[in-house]
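Breakdown of the fold
Next come the chains, spelled out residue by residue.
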Amino acid sequence: MPLSDQQKIDLFDRIWQEYVSTHGLGGMSKSDFDALLLWEYAQAMQTADTFHLSSVFRIRESRAKSLLESAAIKFSQLTEAEAWSQLLSALAGVHYHVESLEKGQMRFHLKTPLLFRYLQNQARLADDSLIFNSTSEYVIGNLATLYRILDACWEEQAFGSNWQGKQLEQARKNIRNIIGRIGSQIAENNLEELKSMKKSRLPMMLEHGSKLASIGGFIKELLGTSS
């Protein structure tokens, strides 16, 4: 679908602001300009589909991904609260899978890969790290860490003064959905059998999650209905 006249005007204004007003003509490298152009087009079309973008710009899909990732850091105007609103909304709609019983890991497809860095930053604040495969766009993470991240997101003003009111209310709704989806997947893998497996860390992580200050009650419900 081609850009509308208004989208073309908005795109030109944004490029003029960055390429001319901010950096001065010739002050931006070609790679940064390429990233800016692709980024602004992606924002105008509201897509991060690298297959589509690679077709439009006649480049490899791997390069489209690289340019998007670079542009997301340099040109994104999202606040942290806006990024987390989008991220939690996306995570509330994905399927979760048990990746490793022994390690207590879950796997899920991140449909908003450009927001992974926000997720990774919270994992680091929880003294851990997540694994992201840029090709498959799957994330693998320790269940206890995922619970700690959600617990932190539950708190008022966790991501600034805007993280309250209706924005926080919707975020908490998404957090409850995420917890439910993870719990359903674990329940489908027979929680009682997992408890009897000495090498599985998932039951221990569920117990840990049930003790978290903000979201623990929702996890207790899973333990209660599966015992």
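Note: the structure precedes this text.
Figured I'd write up the structure that's included with this text. These numbers come from a predicted model, not from an experiment.

Scoring rules and cut-offs
Residues numbered from 1 in each chain as written. Predicted model: local features only at pLDDT ≥ 70, side-chain atom pairs only at ≥ 80, totals over all residues. Heavy atoms only, no water. Helix = DSSP H or I, 4+ residues; strand = E, 2+ residues; numbered from the N terminus. Buried < 20%, exposed > 50% of the residue type's maximum accessible area, 1.4 Å probe, protein only. Contact = heavy atoms within 4.5 Å. Areas by Shrake-Rupley, 256 points an atom, 1.4 Å probe, with all protein chains shown as cover. Lys, Arg positive; Asp, Glu negative; His and termini not counted. Charge placed at Lys NZ, Arg CZ, Asp CG, Glu CD. Core = buried A, V, L, I, M, F, W, Y, C linked by side-chain atoms within 4.5 Å. Salt bridge = Lys/Arg side-chain N within 4 Å of Asp/Glu carboxyl O. 1 Å grid on protein atoms, 1.4 Å probe; cavity = no way out; pocket = protein on both sides within 12 Å on 5 of 7 lines; lining within 4 Å. Points joined across faces, edges and corners; volume = space filled by probe spheres on them. Nonpolar A, V, L, I, M, F, W, Y, C, P; charged D, E, K, R; others polar. Pairing = 2+ DSSP bridges. Axes fitted to C-alpha atoms, helices over the stretch in contact; angles between N-to-C directions.

Scanning the chain for helices and strands turns up eleven helices and four strands. Overall size of the chain, expressed as C-alpha extent along the three principal axes, is 65 × 40 × 30 Å. Here the chain holds 227 residues, and the buried ones make up 43% of them. Relative to all contacts within the chain whose residues are 6 or more apart in sequence, the contacts with residues 24 or more apart total 62%. On the chain, roughly 12500 Å² of surface is accessible, and the fraction owed to carbon and sulfur atoms is 49%. Here the chain holds 25 positive side-chain charges and 26 negative ones, and the gap between their average locations is 4 Å.

Before going further, it helps to examine the nonpolar core. Residues W84, L88, M106, F108, L119, L143 and I215 are the most contacted members of the largest nonpolar core, which totals 44 residues. Per element, the largest residue contribution to this core is eight residues, and it comes from helix α7 (residues 143–154). If we ignore the near neighbours within four places in the chain, the residues touching I215 are Y147, L150, D151, W154, I175 and I179. In terms of nonpolar packing, the next biggest core, distinct from the first, is built from 19 residues, L3, Y41, M45 and L68 among them.

Attention now moves to the pattern of salt bridges. A side chain with one charge can pair with a side chain of the opposite charge if their charged atoms come near. Scanning the model with the defined rule gives six salt bridges in all. Note that E40 and R14 form a salt bridge whose closest N and O atoms lie 3.0 Å from each other. Within this pair, whereas E40 is found in helix α2 (residues 30–45), its partner R14 is found in helix α1 (residues 5–22), the two being separated by 26 residues in sequence. An identical accessibility class is assigned to E40 and R14; each is buried. Residues D34 and K30 are paired through a salt bridge, measuring 2.8 Å at the closest nitrogen-oxygen approach. A residue pair is termed a helical-turn pair when its members lie 3 or 4 positions apart in one helix, as D34 and K30 do in helix α2 at four residues. Using a relative accessible area of 61% as the deciding quantity, one classes K30 as exposed. Each of R14, E18 and E40 takes part in salt bridges that share partners, so that together they form one network.

Right, let's talk about the layout of surface pockets for a bit. In this model, the largest pocket occupies a volume close to 500 Å³. Forming the walls of the largest pocket are 24 residues, and the residues nearest its centre are W39, Q43, L78, Q86 and L114. If you list the elements that add at least two residues to the lining of the largest pocket, you get α2, α4 (61–74), α5 (80–91) and α6 (116–125). No other element matches α2, which puts four residues into the lining of the largest pocket. Along the lines of polarity and charge, the residues of the lining of the largest pocket split into twelve nonpolar, eight polar and four charged. One number sums up the size of the second largest pocket: a volume of about 230 Å³. Surrounding the second largest pocket, 14 residues form its lining, K65, E69, P113, L114 and F132 being those nearest its centre. With five residues, α4 is the largest single contributor of residues to the lining of the second largest pocket.

This part is about the sheet that holds strand β2 (residues 105–109). Judged by pairing direction, the sheet is antiparallel, and its four strands sit side by side in the order β1-β2-β4-β3 without closing on themselves. Either end of the sheet is taken by a strand with one partner, and the two such strands are β1 (96–100) and β3 (131–133). Each strand axis lies, on average, 25 degrees off the axis of its neighbour in the sheet, ignoring direction. Where β1 meets β2, four bridges bridge the pair, whose relative direction is antiparallel. By the bridge assignment, Y96 is partnered in β2 with F108. Across the sheet, α7 is in contact with β2 and β4 (138–142); its angle to β4 comes to roughly 95 degrees.

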